[in-house]
Amino acid sequence: MAQFEKEIVQAVLIADNNVWNFKPLSDESSTALLPLVNVKMLDYALIALNRSGVEEVFVYASLYLQDIRDHIKAGIATYASWSFKMTVHVIGGEGCRCFGDAMRDLDAKALIRGNFILLGADTVTNADLRPVLEQHKRQAKFDKGTAATLVFKECSNNVRLGNELLIAVDRRNDRLHYHQRLRTYQKESRYQIPLDVILGNSCVALHHKILDPQIAIGSPSMLSLFSDNFDFQTRDDFVRGLLINEELLDSRIYVALLPAAQYAHKVNSWPAYQLVSRDIINRWAYPLVPEMGVYKLQQQYVFHKDNIYKSHEAQVSKVALHQNVVIQEGSHVDSGSVISDSVIGANCRIGKNCRLTNVFLMADVTVKDNCRLEYCVVGAGAIINEECDVSAGCVLGAKSVLPAKTTLAKTLITSTPSTQRSEEDVAVELESIGPHAFIVSDLTTGDPEDSDGEDFLPQQPLTIPKMGDLLAPLDEISDCSDLSDDEDASRAVTPLPDDTNIFLDEVIDSLTRGFREKSNPDFLILEINSSRYAYNMSLKEVNFNVVKAVFGMQSIVEPANDNVLVAINAAFKQLGPVVSNYIKSEDAMMDCLKALEDVYEENPLVREKISQIVHYLYDKDFVSEDAIQAWFEQLDEEEHAHLRQSLAKLVAWLDQSSEEEDDDDDDEEEDD
């Protein structure tokens, strides 16, 4: 009967990743337990596996093994969301120094009984990996030499974070023929691809905007290949070795691309930490968003306008939080302080007149009065005294104490002087700026080749990547932190109930992502309908807000060269099927035009071109002549005098066209 037993879906999760990149916090605890938007990175990975139907997970760790075991036990005891229907084992050994050693140790332990999912604890994804696993199984039936299926994601980012690839894939069967990791800090002027890749394959596709989230489906032979080849130290070594020695090893690698609607990213550095945090806050990783109870099965936050997530037990006025802020329970913000694009951990205390922008505070941090923090990370229990200025990618270790009036930029701080050692394993004396604040040199903290799984390129300097405004070009969310009087007035035109406002924001997010990634309109309609039922929106409200969301996208609010007509044409060319799905009847067309009425009040560029925009919607059959005329008649002559004046010529032209059509019809009847 054993042959009829159901195959258990297994996964391997590597916990020790990018140790060098996350110093000094990685000197104090496992990187897998580093909070990301107030949830441990390990928990995001476990949730992803649980959502993909995994039944048994082996968490492999060699550093801080007991801390990880304690965290898993605590998660099971408190009914963490990943603990249901999934068994988690923590294994490892002190002799493991790299990814390859971990794979060889797993092979020796003989714990994996079939195909398995492989990912790192630093991978954040909302993808359902079951279809990829089934694809891998089908491929393995046809090709017994299938060693692995690598999971990639198409990306549109212009910023290099070390996760970007150039690959060559056979278009007929998705077999990988070439794999090159792109430079982190600069773009290549040209790519050098072996001629054999092109000549030896009749149908090959090159992908140069590919993101590697470090997800793979492995065959049982994958582990034995690591055991047989001790020069496979990293995952890139494994891929490179198989591509070079395909015939000798009789093993092949295949590729699977995640759908555009699914999110996946590897947090391999502080800039990637900043980017993924922003993506989670901006709901690209839905349902892995703060208010959904990602780790605990209870709501910890209330979701407010402008992507503000505030705990009921946090003492802070709404005025202090501008946009993209998460603030956990027990935290307190004094008067006069302003926070934007930041994550505040539990039980933090922020004094008066502080300004925090792109700041990540762990639990129990104290920031005293008149401090300015920008693009920095502050470890648990740290204290920043009065009038400090911390910016440009600084990282303060746990329990550090920064003296008053200290100015820091691009600096790593630790609380004890004995955490750094030279290559000869001799303690290095660190420069002190206070009794509990010592500067750690990011040039001598170690060799990035010692970091698990990271294939650093020769062009990259041996410094720890730091946060900064390099991510600004990717930001598609408008800056709401300093609203002008005109903007305040425009927002006051249409006061929205809270649920309606949240629904509108979610639709804007969905359409913006769909427009940027050219998503299938059917997927966007499903997302909008899901939000509709979640917030109990009527069909009339959905019609109104879908149209308003299209005009609320950043590409239309701030179009290139202020050419709003070109921006609108591009948006409707991609998103037209979504709008048409809702705007069908005459009543729906009236909802559409009433939404345009709101947009007219809010967007000065639309206000200038309102007649052309309505004409465009008429030409593209989104609204009818009767709907336009009925809407025009309903506009109040005093309140909407300027709008009526702008539309007068268009309405007159429509009337004239209608009369001419009637005359033509009469002539035809007389002829008959």
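Residues numbered from 1 in each chain as written. Predicted model: local features only at pLDDT ≥ 70, side-chain atom pairs only at ≥ 80, totals over all residues. Heavy atoms only, no water.

Undergrad: Which parts of the structure should I look at to understand the packing of helix α15 (residues 564-582) against helix α18 (residues 610-619)?
TA: For any two helices packed against each other, the geometry is given by the interaxial angle and the distance between the axes. Put simply, α15 and α18 touch, their axes get as near as 11 Å, and they point 25° apart. One finds that α15 runs roughly parallel with respect to α18. The chirality of how α15 crosses α18 is right-handed. Residues Leu565, Ile568, Asn569 and Phe572 of α15 form the contact with α18, whose own contacting residues are Gln612, Ile613, Tyr616 and Leu617. Within the contact of α15 with α18, the residues separate by chemical class into six nonpolar, two polar and no charged. (Axes fitted to C-alpha atoms, helices over the stretch in contact; angles between N-to-C directions. Helix = DSSP H or I, 4+ residues; strand = E, 2+ residues; numbered from the N terminus. Parallel < 35°, antiparallel > 145°, perpendicular 65-115°, else oblique. Left-handed = near helix turned anticlockwise from the far one by under 90°. Contact = heavy atoms within 4.5 Å. Nonpolar A, V, L, I, M, F, W, Y, C, P; charged D, E, K, R; others polar.)

Undergrad: Sorry, what's going on with unusual backbone geometry here?
TA: Negative phi is the rule for most residues except glycine; trans is the rule for most peptide bonds. The omega torsion of the bond from Lys23 to Pro24 falls at 5°, within 30 degrees of zero and hence cis. Tracing the sequence through the fold places Pro24 in the loop between β1 (10-14) and β2 (35-36). Cis rather than trans, the peptide bond between Tyr286 and Pro287 has omega equal to 10°. Here Pro287 is to be found in the loop between α9 (270-281) and β14 (302-304). Phi is positive for Tyr64, which is not a glycine, with a value near 55°. Position of Tyr64 among the secondary structure elements: in the loop between β4 (56-60) and α2 (65-77). Overall, the relative accessible area of 29% leaves Tyr64 in the partly exposed class. (Buried < 20%, exposed > 50% of the residue type's maximum accessible area, 1.4 Å probe, protein only.)

Undergrad: Mind showing me how you'd approach the packing of aromatic side chains here?
TA: The description of two aromatic rings rests on the distance between their centres and on the angle between their planes. Throughout the structure, instances matching the rule amount to 13 aromatic pairs. Ring centres 6.4 Å apart and planes at 85° place the aromatic pair Tyr618 and Trp653 in the edge-to-face group. Residue Tyr618 is found in helix α18, and its partner Trp653 is found in helix α20 (residues 641-671); the two are separated by 35 residues along the sequence. Overall, the relative accessible area of 22% leaves Tyr618 in the partly exposed class. A network of ring pairs unites the aromatic residues Phe22, Trp270, Tyr273 and Phe360 as a single cluster. Over the face of the ring belonging to Phe303 we find Arg283, whose NZ or CZ atom lies 4.3 Å from the ring centre. (Phe/Tyr/Trp six-rings, centres within 6.5 Å; stacked < 30°, edge-to-face > 60°. Lys NZ or Arg CZ within 6 Å of the ring centre and 35° of its normal.)

Undergrad: Any chance you could explain helix α7 (residues 235-244) here in plain terms?
TA: Residues lying three or four places apart along an α-helix face the same way, a consequence of the helix completing one turn every 3.6 residues. α7 sits mainly inside the fold: eight of its 10 residues count as buried. Every buried residue of α7 is accounted for by Arg235, Asp236, Asp237, Phe238, Val239, Gly241, Leu242 and Leu243.

Undergrad: Just checking my understanding: could you explain the pairing of strand β11 (residues 204-218) for this structure?
TA: It is a general feature of regular strands that their side chains alternate between the two faces of the sheet. Strand direction decides the pairing type here: strand β6 (residues 116-120) and β11, joined by four bridges, are antiparallel. Looking across to β11, one finds that Leu119 is bridged to Ile215. Two elements, strand β8 (residues 146-154) and β11, share six bridges in a ladder whose sense is antiparallel. Looking at the pairing, Leu150 lines up with Ala216 of β11. Summarising the sheet, strand β9 (residues 164-170) and β11 pair through six bridges and their orientation is antiparallel. When the sheet's bridge partners are listed, Ile167 is paired in β11 with His207. (Pairing = 2+ DSSP bridges.)

Undergrad: I keep staring at the environment of Val378 and nothing clicks. Help me out?
TA: For Val378, the position within the fold is in strand β23 (residues 372-378). Residues Val378 and Val367 lie 11 residues apart in sequence; the distance between their C-alpha atoms is 9.9 Å. Apart from residues lying up to four places away in sequence, Val378 is in contact with Phe360, Leu361, Met362, Val365, Leu373, Ile384 and Leu396.

Undergrad: Before we go on, may I ask you to explain the environment of Val579 in this structure?
TA: Relative to the assigned elements, Val579 resides in helix α15. Once the C-alpha coordinates of Val579 and Pro521 are considered, the two residues, 58 residues apart in sequence, prove to be 9.5 Å apart. Not counting residues within four places of it along the chain, the set of residues in contact with Val579 comprises Val547, Val550, Phe572 and Phe622.

Undergrad: Sorry if this is basic, but what is going on with the sheet that holds strand β27 (residues 401-402) here?
TA: Each strand in a sheet pairs with another by means of backbone hydrogen bonds, the pair being arranged parallel or else antiparallel. The strand order across the open sheet built from five strands is β17-β20-β22-β24-β27, with neighbouring strands paired in parallel fashion. Every interior strand has two partners, whereas the edge strands, β17 (332-333) and β27, have only one. Note: strand β24 (residues 383-384) against β27, two bridges, orientation parallel. Across the sheet, residue Ile384 finds its bridge partner in β27, namely Leu402.

Undergrad: Explain the pattern of salt bridges to me, please; I cannot follow it from the model alone.
TA: Pairing between side chains of opposite charge can happen when their charged atoms approach one another. Applying the stated criterion across every chain yields a total of 24 salt bridges. Of the charged contacts in the structure, one is a salt bridge between Glu56 and Arg113, with a shortest N-O distance of 3.0 Å. Residue Glu56 is located in strand β4, and its partner Arg113 is located in the loop between α3 (99-109) and β6; the two are separated by 57 residues in the primary sequence. Among the residues examined, Glu56 registers a relative accessible area of 13% and is labelled buried. Under the relative-accessibility criterion, Arg113 is labelled exposed at 56%. A salt bridge links Asp237 to Arg240, with the nearest nitrogen and oxygen atoms 3.0 Å apart. Taken as a pair, Asp237 and Arg240 lie in helix α7 at a separation of three residues, close to a single helical turn. In the salt-bridge network here, residues are joined through shared partners; they are Arg181, Asp212, Arg235 and Asp236. (Salt bridge = Lys/Arg side-chain N within 4 Å of Asp/Glu carboxyl O.)

Undergrad: Sorry, what's going on with the confidence of the model for the protein chain here?
TA: Should the pLDDT be low somewhere, the predicted coordinates at that spot are not to be read in detail. For the protein chain, the mean per-residue pLDDT works out to 81, and 85% of the residues sit at or above 70. Contacts from residues 421-426, a stretch scored under 50 in pLDDT, to residues over four places away or in other chains number five contacts. A low-confidence stretch, residues 444-461 (pLDDT under 50), is modelled with 45 contacts involving residues beyond four sequence positions or located in other chains. (pLDDT = per-residue confidence, 0-100.)

Undergrad: Explain the packing of helix α16 (residues 586-602) against α18 to me, please; I cannot follow it from the model alone.
TA: Where α16 contacts α18, the two axes come as close as 12 Å, and the packing angle between them is 155°. As far as their axial angle goes, α18 and α16 are roughly antiparallel. Both α16 and α18 take part in a crossing whose hand is right-handed. Contacts between α16 and α18 involve Cys592, Leu596 and Tyr600 on the former and, on the latter, Ile610, Ile613, Val614 and Leu617.

Undergrad: What should I look at first to understand the environment of Asn229 in this one?
TA: As for its placement among the helices and strands, Asn229 is situated in the loop between α6 (220-228) and α7. Residues Asn229 and Gly241, spaced 12 residues apart in sequence, show a C-alpha to C-alpha distance of 8.9 Å. Residues within four places of Asn229 in sequence aside, it is in contact with Arg104 and Leu249.

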